[in-house]
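Descriptive structure summary
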Amino acid sequence: MDCTDTDNKQFCSYMGVRGYPTLKFFPNGMTSDDKPVDYTKGYRNLANLVHFVNENSTKKEEEEEEEEAEEDDDDSGDESDDDDKKEDL
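Residues numbered from 1 in each chain as written. Predicted model: local features only at pLDDT ≥ 70, side-chain atom pairs only at ≥ 80, totals over all residues. Heavy atoms only, no water.

Things to note about the overall build of the protein
When its secondary structure is counted, the protein shows two helices and two strands. Listing each helix as α and each strand as β along the protein from the N terminus yields α-β-β-α. Contacts in the protein between residues far apart in sequence, at least 24 positions, make up 24% of those at least 6 positions apart. Here the protein has roughly 7,700 Å² of accessible surface; of this, 46% comes from carbon and sulfur atoms. (Helix = DSSP H or I, 4+ residues; strand = E, 2+ residues; numbered from the N terminus. Contact = heavy atoms within 4.5 Å. Areas by Shrake-Rupley, 256 points an atom, 1.4 Å probe, with all protein chains shown as cover.)

Some thoughts on the side chain of Asn-56
Here Asn-56 is to be found in helix H2 (residues 46-88). If sequence neighbours within four positions are ignored, Asn-56 has contacts with Phe-25 and Val-37.

A closer look at the state of the cysteines
By definition, a disulfide links two cysteine residues through a covalent bond between their sulfur atoms. The final tally for this structure, using the stated rule, is one disulfide. Residue pairing for Cys-3: its cysteine sulfur links by disulfide to Cys-12, the two sulfurs lying 1.9 Å apart. Its S-S torsion of approximately -80° makes the covalent link between Cys-3 and Cys-12 left-handed. Assessed through its relative accessible area of 9%, Cys-3 is described here as buried. According to the relative accessible area criterion, Cys-12 is buried, its value standing at 5%. (Disulfide = S-S within 2.5 Å. Buried < 20%, exposed > 50% of the residue type's maximum accessible area, 1.4 Å probe, protein only.)

Quick look at the confidence of the model for the protein
Should the pLDDT be low somewhere, the predicted coordinates at that spot are not to be read in detail. Per-residue pLDDT for the protein has a mean of 79; in total, 75% of the residues score no lower than 70. Summarising per-element confidence for the protein, the mean pLDDT is lowest in H2 (72) and highest in helix H1 (residues 9-14) (91). (pLDDT = per-residue confidence, 0-100.)

Description of the packing of aromatic side chains
Across all of its chains, the model carries two aromatic pairs by this definition. Relative to Phe-52, the ring of Phe-25 lies with its centre 6.1 Å away and its plane at 70°, an arrangement referred to as edge-to-face. With Phe-25 in strand S1 (residues 24-25) and Phe-52 in helix H2, this pair connects stretches of sequence that are 27 residues apart. Overall, the relative accessible area of 17% leaves Phe-25 in the buried class. Judged by relative accessible area, which is 11%, Phe-52 ranks as buried. (Phe/Tyr/Trp six-rings, centres within 6.5 Å; stacked < 30°, edge-to-face > 60°.)

Here we look at a negative patch on the surface
On the surface, a cluster of negative charge is made up of Glu-65, Glu-66, Glu-67, Glu-68, Glu-70, Glu-71, Asp-72, Asp-73 and Asp-74. Following the sequence through the fold, Glu-70 ends up in helix H2. (Patch = residues over 30% accessible without salt bridge, like charges linked within 9 Å, V, L, I, M, F, W, Y side chains within 5 Å. Salt bridge = Lys/Arg side-chain N within 4 Å of Asp/Glu carboxyl O. Lys, Arg positive; Asp, Glu negative; His and termini not counted. Charge placed at Lys NZ, Arg CZ, Asp CG, Glu CD.)

Some words on the pattern of salt bridges
Per the counting criterion, the structure on display carries one salt bridge. The salt bridge partner of Lys-24 is Asp-38, with a shortest N-O separation of 2.5 Å. Of this pair, Lys-24 sits in strand S1 while Asp-38 is found in strand S2 (residues 37-38), placing the two residues 14 residues apart along the sequence. With relative accessibility at 39%, the residue Asp-38 sits in the partly exposed group.

Next up, the structure:
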């Protein structure tokens, strides 16, 4: 996106673009509450960029897997509570 274009300045400001070039990564599955990941480490070459994308893609997938596991744990706890209630009757 060209942040020097007047049509884009408001959005670029909202996204925190302060200098050029600025690289931001928007992992798949982001919600409107999520912020993009800034590329701030390493030299700007293909190998480092690929590593950065892979590293940040994996983190997002791991977070989603952890959330799903927590939801499964919560669901399994509910079932055992229901079984306990049935035994009390």
